[in-house]
Amino acid sequence: MTDAPLIAILEDEPDIRRIMSDTLDAAGFRTMSFARATEFEAALRNITPDACLVDLGLPDRDGLALVHRLATESGAAIIIVSGRAQVQDRVTGLELGADDYIIKPFEPAELVARIRARLRRPAAQNRPGQRSTASFAGWRADFDRYALIAPDGTETPISHAEAEVLRMFLDNPRRLISRGQMLETLGGAGGESFDRAMDVRISRLRSKLGEDPKNPQLIKTIYGAGYIFLAEVSWG
Ligand code: CA
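Conventions we followed
- Residues numbered from 1 in each chain as written.
- Predicted model: local features only at pLDDT ≥ 70, side-chain atom pairs only at ≥ 80, totals over all residues.
- Heavy atoms only, no water.
- Pairing = 2+ DSSP bridges.
- Helix = DSSP H or I, 4+ residues; strand = E, 2+ residues; numbered from the N terminus.
- Axes fitted to C-alpha atoms, helices over the stretch in contact; angles between N-to-C directions.
- Donors = N, O, S within 2.8 Å, 3.2 Å for Na, K, Ca; no water.
- Domains from an automatic or database assignment.
- Contact = heavy atoms within 4.5 Å.
- Buried area = accessible area lost by both parts, 1.4 Å probe.
- Salt bridge = Lys/Arg side-chain N within 4 Å of Asp/Glu carboxyl O.
- Nonpolar A, V, L, I, M, F, W, Y, C, P; charged D, E, K, R; others polar.
- Phe/Tyr/Trp six-rings, centres within 6.5 Å; stacked < 30°, edge-to-face > 60°.
- Buried < 20%, exposed > 50% of the residue type's maximum accessible area, 1.4 Å probe, protein only.
- Lys NZ or Arg CZ within 6 Å of the ring centre and 35° of its normal.

Take the sheet that holds strand β2 (residues 30-34) next. Ordered in space as β2-β1-β3-β4-β5, the five strands form an open sheet in which the pairing is parallel. Every interior strand has two partners, whereas the edge strands, β2 and β5 (100-103), have only one. Sheet twist, expressed as the mean angle between neighbouring strand axes with direction ignored, is 20 degrees. Bridge count between strand β1 (residues 6-10) and strand β3 (residues 51-54): four bridges; the pairing is parallel. Residue Leu10 lies in a different strand from β3, and its bridge partner there is Val54.

See below:
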């Protein structure tokens, strides 16, 4: 099973780390485990995991700083697994580019399900035949490099999660996209945490697109209905 998805686990508690790797091995994933952020970052020079499970309370670093780096530099799905249950921690994690947030203690089956949900629709990853660049309103999105290129040539990195949302808009220009359709396209657990995650990603995309938050011209909110991406899009 060498083509099984590779999951990188960063967790300093040995017992939890073992539960995670045993659970994921049994579910058919390949796993690599790390106890410290420095080991994990060194390994990332040589491995390209499909998903990273990141603890926030680590002996040598706050996991949130790592999440931000991973989100801008790697195409892996990023799932925070943390004992920090405050809404503000979850929002910050998602704002920094995490794809999901699991609160400890977790059920092993839930861990597997949440990883599968994130891997099932790797919208921003390179699938054979999938289009990787799109132009709209003078902008260019490059999904191979996770970059947004402004009309003046300035490049801004986008996270895996932001790329998924952007691709959904670019695939459906000038069409109303409801929350239900977003959930269907992007996957996830739904409910309030999904809505909050979408709000965060869309506001980050708007800011990277230089939109006036009070009067966005590209990604319009249709209150009570969803969103519309207003520009014409050409792919390739
Ligand atoms: Ca910890």
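Let us now look at the pairing of strand β6 (residues 133-136). Sheet topology places β6 next to strand β7 (residues 139-142); four bridges connect them, and they run antiparallel. In the sheet register, Ser135 faces β7, and the bridge partner there is Arg140. Linking β6 back to β7 in an antiparallel pair, the connection comprises two residues, with Ala137 at a positive phi of about 45 degrees. Direction of pairing for β6 relative to strand β13 (residues 233-235): antiparallel, over a ladder of three bridges. Each residue of the ladder has a partner; that of Ala134, found in β13, is Trp235.

It is worth spelling out the coordination of the calcium ion at this point. Around the calcium ion, the protein contributes the donor atoms Asp12 (OD), Asp55 (OD) and Gly57 (O), which lie 2.2 to 2.3 Å from the metal centre. Considered as a linear motif, the donors of the calcium ion on their single chain read D-x42-D-x1-G. Of this pair, Asp12 sits in the loop between β1 and α1 (14-26) while Gly57 sits in the loop between β3 and α3 (63-73), and the two are 45 residues apart along the sequence.

This next bit is on the domain arrangement of the protein. Segmentation of the protein into domains returns domain 1 (6-119) and domain 2 (128-235). With 13 residues of domain 1 in contact, the opposing surface of domain 2 contributes 15 residues. The contact between domain 1 and domain 2 buries some 1200 Å² in all, and 53% of this surface belongs to carbon and sulfur atoms. Among the residues of domain 1 in contact with domain 2, Leu94, Glu95 and Arg118 are the three that bury the most area, contributing 35% of the side total. Taken together, domain 1 and domain 2 are joined by one salt bridge. Put simply, Arg118 and Glu164 hold a salt bridge, and the shortest N to O gap is 2.9 Å. Here the residues of the side of domain 1 that touches domain 2 sort into seven nonpolar, three polar and three charged.

Time to look at the packing of aromatic side chains. On inspection of all chains with the given rule, the structure shows five aromatic pairs. Both rings, one in Phe143 and one in Trp235, keep their centres 5.9 Å apart while their planes meet at 20 degrees; by these two values the pair is stacked. Of this pair, Phe143 sits in the loop between β7 and β8 (147-149) while Trp235 sits in strand β13, and the two are 92 residues apart along the sequence. In this structure Phe143 comes out as buried when scored by relative accessible area, which is 3%. A centroid spacing of 6.1 Å and a plane angle of 25 degrees characterise the contact between Phe169 and Phe229, whose relative ring orientation is stacked. Pair noted here: Phe169 is in helix α6 (residues 160-171) and Phe229 is in strand β12 (residues 226-229), with a separation of 60 residues, a long-range link. For the pair Phe169 and Phe229, a shared accessibility class is recorded, and that class is buried. Connected via pairs of aromatic rings, a cluster forms that spans Phe136, Phe169, Tyr227 and Phe229. Sitting above the plane of the Phe143 ring, Arg167 keeps its charged end 4.4 Å from the centroid.

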